[in-house]
Amino acid sequence: ATVDGSGLVTAQGPGSARIVATAGEASGDAVVLVMTPVARLNVTPAASAITAGKTIQLVARAEDGDGQQMSGGSIVWESNASAVATVTPAGLVTAVAPGSAIISAAFGGKTATATITVRAPVAGIRIAPTSLQLHPGDTLRLDAKSFDRQGNPLGTQPVVWSTSDSRVGRISSSGLLTATGIGSGFVMADAEGQRDSVSLQVEAAIRRIRVRPDQSTLQPGDTLRMLGTPQDAAGRTVDGRELVWTSSNASVARVSSSGLVTAIARGTASITATSEGVAGSATLTVQDRVATVTVSPEMDDLSVGEKVDLVATLRSSGGQVLTGREIAWSSDRPDVASVGSAGQVIARAPGTATVVARSEGVDGRTTIEVSEPSGGGNDDGSVLVGAGDIGSCTGDGDEATAKLLDRIPGTVFAAGDNVYMSGTAEEFANCYGPTWGRHKARTRPVAGNHEYETPGAAGYFGYFGAAAGDPDKGYYSYEVGSWHVVTLNSNIPARFGTPQAQWLTADLEAHRTQCTVAIWHHPLFSSDSGSTRMHDAWQILYDHGAEIAISGHHHNYERFAPQTADGGLDLSRGLRQFVVGTGGRSLGGQKGTSPPQSEIRYGRAFGVLKLTLHSDWYEWEFVPVAGASFTDEGSARCH
């Protein structure tokens, strides 16, 4: 710095200089500080939003023309609205009340500003939507809004998102929720010490709805309960979903919100169950009721061994011939004249028999007179056919085996566990009725353990009625041709001295036929572990010369050589056991070690056992469903 005679100081360059003034012997001095000119002044942050009562530190940076930070001197801070925000000489801003303030910094002739927005404190936070139901893999953008004490929205506020269980859902910092797995939990949003949470439910997605029965035929006025089962991509049942039922033609059939169908008039309608945009349908046909059944010829005379094909003509109340209806044939004396499912009558023994054709509760009948043959008669045999472990609303195996029965005449046996899971009346109506129920009129059933999952097997006895015997017992006997058939109940005691064992002994004493077959559910012998509960019943049958024991329970087919109750081979007096748990529910493969007398076993195909019962011998054949190749056949003489 220089100074002239008048005391005018001129700055020459950065630094400090001492200026001295002298008068006579007296002098004085001053220090002059020469600074670099300020080229730029910046304040950071240039803008900020804070809550009333909070503080924020502002920083001012002065730079010279070379961009170097300048030091020395002091910054002068000022607020243009101290009612909103104040500032200290050190640049510390304090938010006072909602509003906006400009904070300025001055230095070296330069000024810079920062905008401070003061908002009210967050008093609450609210997440939208308020309830979340998703499927795995779904995403959803959530929103969270903050409010002051008066409930006024505060605009966009910083929110911290989180979930209670990342295995159920994860959420990003921007509020994008991703469902990660089936389960339940919560989604939380936090802002300035306030929190809101909403429930999160992640459920399996419906990919298919199975409606059973898939095809039904009703008459006007009839009702039918349809069952809709939502399933996921893996075929698993999805519970707890609401179904919406609709009919494609309400003039033919109506359907209630619970799936109860009411037939109105002749025609066809699709009954559809819909849930979450997925639909499943079943076809319903409404047809005129059968009013009359006429059997021709009205009377026939046959000799033992002869056959005749009867024809049943069905008509509506208006006289129209009806076709495609189920007809159940029966004979009041099958030992005299038996009748097959197609109406073929075989003369068995001299006498008179009434053959009945029943359709939809309406009967037509004819009389068959059987006389001794003029020459030697024929022994074509009577058929006993069936299996156990049959009906289900979750599979189609029972339909496949029912189609076998459609073409096999004779008496049908159902060897227990006839419908799953619990043998309720509804399961019998909807899961057994549409398949094996087509042959109910010629079926003699056995109770299995699943029937007794309904107390007293009430669904079973209610469905089959008198054909199932006394509901308090569940054991009975009947005749097929010249054979005596004993049906036992392996769900109740059968040891020596029990009422069932005493009845069995008396029944066999009263029916001293040459050939006898017994049927019950739990097998005494099996490669999948047998049950000794019927050991004494086997011994009683053995003592009375019975030929065959038939069971189910294990979901496969297995044939044994004739044996004693203790499993010893006895070709002269032993009972031959068949395990036929192949009626359609499921297959159990081939497991375990075979007992000594097991001759063959197979567990990869549904099918039925067909026994052709002659006067003193029998033939057996395992008939597989369409597409399966395994079979087993043979014959043997009665004891």
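In this report, the structure presented in the accompanying data block is examined. (Residues numbered from 1 in each chain as written. Predicted model: local features only at pLDDT ≥ 70, side-chain atom pairs only at ≥ 80, totals over all residues. Heavy atoms only, no water.)

### Observations concerning the sheet that holds strand E50 (residues 576-580)
Part 1: Ordered by their spatial adjacency, seven strands build an open sheet running E45-E46-E47-E48-E50-E49-E51, and the pairing between neighbours is mixed. Every other strand in the sheet has two partners, leaving strand E45 (476-480) and strand E51 (598-602) as the edge strands with one partner each. Between one strand axis and the next, the sheet turns by 15° as a mean value, whatever way the strands run.
Part 2: Bridge analysis of strand E49 (residues 557-560) against E51 gives four bridges, and the strand direction is antiparallel. Directly across from Phe-560, in E51, lies its bridge partner Ser-598.
Part 3: Sitting on the sheet, helix H4 (residues 499-510) touches E45, strand E46 (483-487) and strand E47 (516-519), and the angle it makes with E46 is about 170°. (Pairing = 2+ DSSP bridges. Helix = DSSP H or I, 4+ residues; strand = E, 2+ residues; numbered from the N terminus. Axes fitted to C-alpha atoms, helices over the stretch in contact; angles between N-to-C directions. Contact = heavy atoms within 4.5 Å.)

### So, the packing of H4 against helix H5 (residues 535-543)
Part 1: Running from amino to carboxyl end, H4 crosses H5 at an angle of 15°, the nearest separation of the two axes being 10 Å. When the axes of H4 and H5 are compared, the pair comes out roughly parallel. As for how H4 packs across H5, the hand of that crossing is right-handed. Every residue of H5 that contacts H4 at Ala-501, Leu-504, Thr-505 and Leu-508 is listed here: Ala-537, Ile-540 and Leu-541.
Part 2: Among the residues making up the contact of H4 with H5, the classes are represented as six nonpolar, one polar and no charged. (Parallel < 35°, antiparallel > 145°, perpendicular 65-115°, else oblique. Left-handed = near helix turned anticlockwise from the far one by under 90°. Nonpolar A, V, L, I, M, F, W, Y, C, P; charged D, E, K, R; others polar.)

### Quick word on the packing of aromatic side chains
For any pair of aromatic rings, geometry is given as the distance between the ring centres together with the angle between the planes.
Part 1: Scanning the model with the defined rule gives 21 aromatic pairs in all.
Part 2: Measuring from ring centre to ring centre gives 5.6 Å for Tyr-432 and Tyr-463, while their planes differ by 80°; the resulting arrangement is edge-to-face. Of this pair, Tyr-432 sits in helix H2 (residues 425-432) while Tyr-463 is found in helix H3 (residues 458-464), placing the two residues 31 residues apart along the sequence.
Part 3: For Tyr-463, a relative accessible area of 15% corresponds to the buried category.
Part 4: For the pair Tyr-602 and Phe-630, a centre-to-centre distance of 4.2 Å together with 10° between the ring planes defines the contact as stacked. A residue pair is termed long-range when its members are at least 10 positions apart, and Tyr-602 in strand E51 and Phe-630 in the loop between strand E53 (617-624) and strand E54 (632-637) qualify at 28 residues.
Part 5: Residue Tyr-602 is classed as partly exposed on the basis of its relative accessible area of 22%.
Part 6: Residue class for Phe-630 comes out buried when judged on its relative accessible area of 13%.
Part 7: The rings of Phe-428, Tyr-432, Tyr-460, Phe-461, Tyr-463 and Phe-464 are connected pair by pair, giving a single aromatic cluster.
Part 8: The aromatic ring of Tyr-463 is capped on one face by Lys-440, whose charged end is 4.1 Å from the ring centroid. (Phe/Tyr/Trp six-rings, centres within 6.5 Å; stacked < 30°, edge-to-face > 60°. Buried < 20%, exposed > 50% of the residue type's maximum accessible area, 1.4 Å probe, protein only. Lys NZ or Arg CZ within 6 Å of the ring centre and 35° of its normal.)

### Focus: the sheet that holds strand E25 (residues 223-225)
Part 1: Read from one edge to the other, the open sheet built from three strands follows the order E25-E29-E28, with strand pairing classed as antiparallel. A single partner strand is all that each edge strand has here, and the edge strands are E25 and strand E28 (253-255). Across the sheet, the mean angle from the axis of one strand to that of its neighbour is 20°, orientation sign disregarded.
Part 2: Pairing of E28 with strand E29 (residues 260-263), which is carried by three bridges, proceeds in the antiparallel orientation. Each residue of the ladder has a partner; that of Val-255, found in E29, is Val-261.

Geometry only, nothing functional implied.
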